[in-house]
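Letter by letter, the chains look like this.
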Amino acid sequence: MRPVIFFLLFLQGGLVLAQTPITPAGAPIVVYQTSDDYDAIRSNLELAITGRGMLISSTLHISDMFNRTAADTGLANTFYAKAEAFEFCNLKLSWQMSAVHPANLSICPLTVGIYTLQGQPDDVFLSYRRPAILGEAEEAAAAELALIKLYEGIIREAME
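Report follows, based on the coordinates. Keep in mind that what you see is a predicted model, and the values were worked out from it rather than measured.

**Describing the sheet that holds strand β5 (residues 120–129)**
Within the open sheet, the five strands sit side by side as β1-β5-β4-β3-β2. Their pairing is antiparallel. Of all the strands in the sheet, the pair left with one neighbour each is β1 (29–35) and β2 (56–60). In this sheet, neighbouring strand axes are inclined to one another by 20° on average, regardless of whether the strands run parallel or antiparallel. As judged from the four bridges shared by β2 and strand β3 (residues 80–88), these two strands associate in the antiparallel manner. When the sheet's bridge partners are listed, I56 is paired in β3 with F88. Its contacts with the sheet put helix α3 (residues 62–73) on β2 and β3, and the angle it makes with β3 is roughly 125°.

Here it is in structure tokens:
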């Protein structure tokens, strides 16, 4: 029985770990791609954020804004079918970043983007900005790692 349980845990862990960013390592923006329904992933994303006790302070409706202002600005939305960005904050991580260096308050709110492209309506993309923390190297690295773990956990949960 133990080998079966181990195998199932390994398989499940392998599937989660198999989903890797489509952007190169070290890129300033980390992007994941999945083939799923936008609304389902969007709902999962909201739940992944609020399920961690965080409030979504703002939802930026990027594609709606581009579509609404295209006639007045001449800037047509030629890329997004749907695009939104969720802004939220984590009190503990905000405190940790501020303790490392007070200017790190500029990193909040945290943002996760979700979008589909006009030519790829069945592909959903999730993205976040890789954090760069000011302060002493060891403390800054620890704060960056904590933020990345939060972002990665949220995105992986949204894609499940």
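**Side note on the packing of helix α4 (residues 91–100) against helix α5 (residues 137–159)**
Running from amino to carboxyl end, α4 crosses α5 at an angle of 160°, the nearest separation of the two axes being 9 Å. Classified by the angle their axes make, α4 and α5 are roughly antiparallel. The chirality of how α4 crosses α5 is left-handed. Across the interface between the two elements, L93, Q96, M97 and V100 from α4 touch E139, A140, A142, A143, A146, L147 and L150 from α5.

Criteria and thresholds
- Residues numbered from 1 in each chain as written.
- Predicted model: local features only at pLDDT ≥ 70, side-chain atom pairs only at ≥ 80, totals over all residues.
- Heavy atoms only, no water.
- Pairing = 2+ DSSP bridges.
- Helix = DSSP H or I, 4+ residues; strand = E, 2+ residues; numbered from the N terminus.
- Axes fitted to C-alpha atoms, helices over the stretch in contact; angles between N-to-C directions.
- Contact = heavy atoms within 4.5 Å.
- Parallel < 35°, antiparallel > 145°, perpendicular 65-115°, else oblique.
- Left-handed = near helix turned anticlockwise from the far one by under 90°.

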